[in-house]
Amino acid sequence: MENERLPIKFFAKREVDNLRVEPGGSSDLPKWVLDERTLARKSETFVNAVAAFKNEVIKKERSNSIIPLVFKTKIVDDATAKTHRKEVSNLFKTGTQNNILGLSEADEIIIKLEGSKDTDIIIERLKNIEKFAHALSCIDSIEEFNPVIVRSEKDVKEDYKVRLINFQNYEQNLSIRNYFEKSVSDLGLQLEKTHYTSDHIIYNIKSINQDALQLINSDEAFEAVYSIEPMPKYKVALDMGPTDDMEVDVLLPEDGKKYATVGILDNGIANIPHLKPWLSEESWTAYPEAYMKKNHGTFVSGVVVYGDLLEDREWVGTNGVKVLDACVFPDTDKEGISEDELIRNIQEAIKSHYKEVKVWNLSISITTPVDETSFSDFAVALDDIQEKYNVLICKSAGNCSNFTIGHPKGKIHQGADSIRSIVVGSIAHKKSNTDLADVDNPSPFTRIGRGPSYIIKPEVVHYGGNAGLNEQNQLVTTGVKSFGLDGSLHQSVGTSYSTPRIAALAAGLYQEMEEEFDPLLIKTLMVHSASYSELLKIPNVERVNQVGFGKPQSVRNILYNSPHEATLILKDEISKGEYIDIMDFPMPDCLAEGDYYSGQIIVTLVYNPILDSSQRAEYSQSNIDIKMGTYDTKKDRDTTRRNILNPVGRDNSKNLLLESAYSKTKMKNNQDDFALKERLLIQYGDKYYPVKKYAVDLSEMTEANQLKYTTKDKKWYLYLKGLFRDHIETKAQLEETDLTQDFCLMVTIKDPTGTKPVYDQVNQKLDEYNFWHNNIKLSSEVTLRT
């Protein structure tokens with residue numbers, strides 16, 4: 001019975017678990033709101049600034065200009081919270097149109113002035129220090145907005161990337177884009193337009209020098225420009241070395257078996273004997289054969305199909321997956337590729353095959369580190385593709401050579417800040433005398449997080465090789481194995497080769513399940529199973545920055561439980577104005593055989609936030625808060641009272657996912673497997689993280705909290721609530737749309753002694769509390785008890 005494998009299961013909330021968000025908050029002003037005299041001085045300064053804008057606005061009205069005047073207001077540090085930001089936004093909102101355009105930096109709001117009437121309204125509000133004391137205290141300065149211009153250091157002709165301001169109005173944006181395009185054409189310049197998303201458009205002004213850039217700068221259409229910078233271009237190089245003499249038999253697909261396919265977004269796949277049986281009959285390419293190199297894509301594909309076999313390890317545990325050749329970049333030794341061309345190629349490749357190929361591997365990067373306060377255009381495009389076509393992109397974190405000169409690891413590359421993708425770093429699979437990394441620790445070359453707005457990227461890691469320097473200070477690598485263009489075995493290193501292991505795992509999970517493809521579910525399964533090696537030497541506080549949530553388990557271990565654990569999956573959506581409060585969470589009684597509940601709980605939440613690229617640092621416009629814990633009793637509530645909407649509530653509840661509930665001494669002294677590999681207590685606060693994970697051991701709670709909150713008479717609850725930023729709430733009101741976000745939640749409850757019937761009792765509780773539940777549908781048979 002000890003090795004019995006039992007399927008994880010879905011469950012659904014009940015109607016009674018849907019509750020309405022109740023009004024709350026205090027009408028009292030924050031303590032830091034300024035005194036009347038200081039407010040009067042601020043008011044005068046700001047009125048003068050906007051009055052100066054009015055003269056420009058009147059000129060625009062007289063000339064019938066279609067481009068509004070744009071200014072920015074800087075917010076003081078204390079006012080960056082959602083409630084304070086809303087006060088500032090309300091001060092500048094002047095009508096039915098949304099004139100709050102977005103953020104230029106994390107603390108700067110961009111605002112448009114449509115006409116002199118709008119300007120007069122804002123001036124009157126700025127004078128009203130009594131009514132707008134809160135908003136005025138939040139504002140540090142008001143000044144005209146100027147576009148971000150990055151000039152090339154080379155005095156040669158170069159392609160420039162241009163982004164226009166999003167004026168938050170479809171017709172206005174359309175007219176201004178047409179005007180800009182005509183203006184650039186009138187200057188005799190070549191312009192190429194790429195839709196990174198439907199409303200995130202990037203222009204490539206081809207082959208211009210500094211003089212031409214100055215011409216654009218002097219044109220009226222330039223007033224609509226948000227930023228100009230050299231168009232990113234890059235080359236892809238693959239250093240391969242010989243590997244041990246070994247022979248690998250050609251694997252053949254089983255007749256009649258259905259295989260999932262991984263799309264390889266790369267530089268092509270060679271038709272070598274080992275890969276030929278696994279190559280999809282269809283392919284996609286943007287380039288003729290003479291412009292394709294195929295070395296990188298071939299190596300990546302070999303890892304996808306033969307990864308476990310070549311290393312003689314069951315790291316992924318698939319029974320074979322197919323690969324589709326999608327050549328999205330050329331031989332960059334002959335010709336570099338620009339970011340916009342790469343985006344168009346990826347869009348077309350996935351559009352052509354998304355119905356049959358749901359998992360895609362992208363082991364290439366724009367070789368520019370991410371910005372801390374803004375998500376990259378590349379990431380925005382990748383997110384849009386995944387949303388539009390319901391696919392999952394496995395994206396490499398990027399490689400870094402800083403270790404060769406003794407410098408710290410660099411931040412992840414642009415593209416790896418994609419919210420919808422699963423981003424993969426690299427850890428070392430073995431160590432030679434010259435290698436710098438110990439086994440199961442971050443490879444010297446892997447790039448690390450966090451991403452913009454401090455989100456956790458990469459989410460996971462896998463084996464991508466090791467590296468170091470010899471006595472002559474030359475680079476030496478201990479690579480992972482795959483195939484070269486001639487079909488022989490080679491070794492190489494990089495996050496390019498840890499990523500296809502995750503792509504193979506994602507495809508393997510999809511292949512094993514008789515479920516519709518759901519990228520949220522696949523991503524949640526991998527993150528939930530991920531853990532840290534007991535060999536990991538990184539301090540706890542640094543783990544998520546270096547290796548995300550760790551290395552996922554193999555397919556079989558992800559999909560099955562032992563009798564002493566139970567994993568539940570809740571897939572749903574959450575809307576503005578509603579929250580989920582499951583007050584009968586099925587915690588098994590067998591974990592309360594002593595005075596207190598014992599056991600280990602792992603909770604993973606992955607959700608699809610609403611995204612808006614115009615909001616930069618606040619690209620993620622929605623969030624879900626999660627709590628899980630205990631309470632004493634359900635209590636009746638008087639719905640006739642003001643602001644009371646829900647008839648039943650919880651009494652004396654405690655969220656047990658908080659670090660403050662646990663003893664630092666106990667956690668420090670505990671060195672068991674769970675503490676070393678699983679334990680994860682992150683203070684997410686009100687940060688808009690699209691992936692959240694907790695892992696707690698109830699035995700590590702403080703004695704006082706054990707006594708208060710985990711006695712055997714306690715009831716258990718699970719709580720989920722959506723949060724939405726002011727910008728998207730305003731936009732939804734104007735467009736008369738509902739705000740919802742999909743999520744996938746996984747909860748695993750474990751008995752650390754391996755003796756208690758957790759799986760059975762959770763099933764019994766689900767029945768007792770009238771939950772719908774069902775085993776995850778698997779394509780292979782599973783051992784079940786009779």
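The structure contained in this document is the topic of the report that follows. All values derive from a computational prediction rather than experimental measurement.

## Considerations on the nonpolar core
Step number 1: Leu525, Leu559, Met628, Leu720, Phe743 and Leu745 are the most contacted members of the largest nonpolar core, which totals 127 residues.
Step number 2: Tallying contributions element by element places helix H10 (residues 495-512) first for this core, with eight residues.
Step number 3: The contact partners of Leu559, leaving out residues within four places of it in the chain, are Leu6, Pro7, Ile8, Leu509, Glu512, Met513, Leu525, Ile776 and Leu778.
Step number 4: Counting 32 residues, the second-largest nonpolar core is a separate cluster that includes Ile343, Ala381, Leu382 and Tyr389.

## Concerning the state of the cysteines
Step number 1: Evaluation of the coordinates by the stated rule reveals zero disulfides.
Step number 2: The thiol of Cys744 is not disulfide-bonded; the next cysteine sulfur, from Cys394, is found 16 Å away.

## Considerations on the packing of aromatic side chains
Here a ring pair, both rings aromatic, is described through the centre-centre distance and the interplanar angle of the planes.
Step number 1: Following the criterion strictly, the structure yields 17 aromatic pairs and no others.
Step number 2: Between Trp315 and Tyr463, the aromatic rings sit 4.3 Å apart at their centres with planes inclined by 45°, giving tilted as the arrangement. Of this pair, Trp315 sits in the loop between helix H7 (295-311) and strand S17 (322-327) while Tyr463 sits in strand S24 (residues 460-463), and the two are 148 residues apart along the sequence.
Step number 3: For Tyr463, a relative accessible area of 8% corresponds to the buried category.
Step number 4: Over the ring of Tyr717 we find Arg650, and its NZ or CZ is 3.7 Å from the ring centre.
Step number 5: Between the NZ or CZ atom of Arg725 and the centre of the ring of Tyr688, over which it lies, the distance is 3.7 Å.

## Observations regarding the pairing of strand S37 (residues 691-697)
Step number 1: The buried count for S37 comes to seven of seven residues, which makes it a mostly enclosed element.
Step number 2: A two-sided burial pattern is seen for S37, the buried positions comprising Val691, Lys693, Ala695 and Asp697 on one face and Lys692, Tyr694 and Val696 on the other.
Step number 3: Bridge analysis of strand S32 (residues 600-607) against S37 gives seven bridges, and the strand direction is antiparallel. In the sheet register, Thr604 faces S37, and the bridge partner there is Lys693.

## Section: unusual backbone geometry
Step number 1: In this chain, Gly449 is followed by Arg450 through a cis amide linkage whose omega measures 10°.
Step number 2: Take Arg450: it is sitting in the loop between strand S23 (422-427) and S24.
Step number 3: Residues Lys457 and Pro458 are joined by a peptide bond in cis, for which omega reads -5°.
Step number 4: Of note, Pro458 is situated in the loop between S23 and S24.

## A few points about the sheet that holds strand S9 (residues 158-164)
Step number 1: Pairing is mixed in the open sheet, where five strands are placed in the order S8-S12-S9-S11-S10. In the strand order of this sheet, the two ends are held by strand S8 (148-149) and strand S10 (191-195), each with one partner.
Step number 2: Bridge count between S9 and strand S11 (residues 201-208): five bridges; the pairing is antiparallel. Within the sheet, the bridge partner assigned to Arg163 lies in S11 and is Ile202.
Step number 3: Across the sheet, helix H8 (residues 339-353) lies against S9, S10 and S11, angled at about 45° from S10, the strand it touches most.

## Some points on empty space enclosed by the protein
Step number 1: Under the criterion given, the structure shown has seven cavities of 30 Å³ or more.
Step number 2: The computed volume of the largest cavity comes to approximately 250 Å³.
Step number 3: Arg163, Leu164, Ile165, Asn166 and Ser614 are the residues nearest the centre of the largest cavity, which is lined by 19 residues in total.
Step number 4: Mapped by element, the contributors of at least two residues to the lining of the largest cavity are strand S5 (100-105), S9, helix H5 (170-186) and S11.
Step number 5: A per-class count over the lining of the largest cavity returns nine nonpolar, six polar and four charged.

## With respect to the pattern of salt bridges
Step number 1: For the structure shown, the criterion picks out 44 salt bridges.
Step number 2: Close ionic contact of Lys127 with Glu124 constitutes a salt bridge, the shortest N to O distance being 3.7 Å. Remark: Glu124 and Lys127 occur in helix H3 (residues 116-127); sequence separation between them is three residues, near one turn of the helix.
Step number 3: In this structure, the salt-bridge partner of Lys750 is Glu678, at a minimum N-O distance of 3.7 Å.

## Regarding the sheet that holds strand S15 (residues 261-266)
Step number 1: The seven strands lie next to each other as S16-S17-S15-S19-S21-S23-S24, forming an open sheet whose pairing is parallel. At either margin of the open sheet sits one strand with a lone partner, and together these are strand S16 (279-285) and S24. On average, each strand axis in the sheet is inclined to that of its neighbour by 25°, with strand direction left out of account.
Step number 2: Here S16 runs beside S17; their pairing, made up of four bridges, is parallel. For Trp284, the partnering residue across the bridge sits in S17 and is Ala326.
Step number 3: Packed on one face of the sheet, H7 meets S15, S17 and strand S19 (359-362) and runs near 155° to S15.
Step number 4: Sitting on the sheet, H8 is in contact with S15, S16, S17, S19 and strand S21 (392-396), with an inclination near 145° to S16.

## Side note on the packing of H8 against helix H9 (residues 377-389)
Step number 1: Running from amino to carboxyl end, H8 crosses H9 at an angle of 10°, the nearest separation of the two axes being 11 Å. As the angle between them shows, H8 and H9 are arranged roughly parallel. Residues Glu339, Leu342, Ile343, Ile346, Gln347, Ile350 and Lys351 of H8 touch H9, and the partners they reach there are Asp377, Phe378, Ala381, Leu382, Ile385 and Tyr389.

## Topic: the packing of helix H1 (residues 36-62) against H3
Step number 1: Running from N to C, H1 and H3 point in directions that differ by 175°, and their axes come no closer than 9 Å. Overall, the two elements H1 and H3 adopt an arrangement that is roughly antiparallel. Contacts from Ser43, Phe46, Val47, Val50, Ala51, Lys54, Val57, Ile58 and Glu61 in H1 reach Ser116, Thr119, Asp120, Ile122, Ile123, Leu126 and Lys127 in H3.
Step number 2: For the contact of H1 with H3, the class distribution of residues is nine nonpolar, three polar and four charged.

## A short note on helix H6 (residues 210-218)
Step number 1: Every buried residue of H6 is accounted for by Ala212, Leu213 and Ile216. Take H6 and look down its axis: the buried residues cluster within an arc of 105°, on one side only. Opposite its buried face, H6 presents the exposed residues Asp211 and Ser218, each directed more than 90 degrees away.
Step number 2: For H6, the elements touching its buried residues are S9, S11 and strand S12 (225-230).

## A few points about the environment of Gly465
Step number 1: For Gly465, the location among the structural elements is in the loop between S24 and strand S25 (466-469).
Step number 2: Judged by relative accessible area, Gly465 falls into the buried class, the value being 0%.
Step number 3: Sequence spacing of Gly465 and Pro444 is 21 residues, and the spatial spacing of their C-alpha atoms is 9.0 Å.
Step number 4: Leaving out residues up to four positions away in the same chain, Gly465 has contacts with Ser426, Ile427, Ala428, His429, Ser443, Phe445, Thr478, Val480 and Val493.

## Re helix H11 (residues 519-529)
Step number 1: Across the eleven residues that make up H11, a large majority, eleven, are buried.
Step number 2: Those residues of H11 lying buried are Pro519, Leu520, Leu521, Ile522, Lys523, Thr524, Leu525, Met526, Val527, His528 and Ser529.
Step number 3: The opening residue of H11 is Asp518, an N-cap whose side-chain oxygen sits 2.9 Å from the backbone nitrogen of Leu520.

## Describing the environment of Asn433
Step number 1: Positionally, Asn433 belongs in the loop between S23 and S24.
Step number 2: You can call Asn433 exposed: its relative accessible area is 83%.
Step number 3: Sequence-wise, Asn433 and Asn470 are 37 residues apart; in three dimensions their C-alpha atoms are separated by 8.9 Å.

## Topic: the side chain of Thr499
Step number 1: Of note, Thr499 is situated in helix H10.
Step number 2: Thr499 sits in the buried class, given a relative accessible area of 0%.
Step number 3: Here Thr495 takes part through its backbone oxygen, which lies 2.7 Å from a polar atom of the side chain of Thr499.
Step number 4: Those residues in contact with Thr499 that lie beyond four places of it in its chain are Asn361, Ser363, Cys394, Lys395, Ser396 and Val424.

What counts and how
- Residues numbered from 1 in each chain as written.
- Predicted model: local features only at pLDDT ≥ 70, side-chain atom pairs only at ≥ 80, totals over all residues.
- Heavy atoms only, no water.
- Core = buried A, V, L, I, M, F, W, Y, C linked by side-chain atoms within 4.5 Å.
- Buried < 20%, exposed > 50% of the residue type's maximum accessible area, 1.4 Å probe, protein only.
- Helix = DSSP H or I, 4+ residues; strand = E, 2+ residues; numbered from the N terminus.
- Contact = heavy atoms within 4.5 Å.
- Disulfide = S-S within 2.5 Å.
- Phe/Tyr/Trp six-rings, centres within 6.5 Å; stacked < 30°, edge-to-face > 60°.
- Lys NZ or Arg CZ within 6 Å of the ring centre and 35° of its normal.
- Pairing = 2+ DSSP bridges.
- Axes fitted to C-alpha atoms, helices over the stretch in contact; angles between N-to-C directions.
- 1 Å grid on protein atoms, 1.4 Å probe; cavity = no way out; pocket = protein on both sides within 12 Å on 5 of 7 lines; lining within 4 Å.
- Points joined across faces, edges and corners; volume = space filled by probe spheres on them.
- Nonpolar A, V, L, I, M, F, W, Y, C, P; charged D, E, K, R; others polar.
- Salt bridge = Lys/Arg side-chain N within 4 Å of Asp/Glu carboxyl O.
- Parallel < 35°, antiparallel > 145°, perpendicular 65-115°, else oblique.
- Arc of directions from axis to C-beta.
- Polar contact = N/O pair within 3.5 Å; in protein donor to acceptor, adjacent residues only side chain to side chain.

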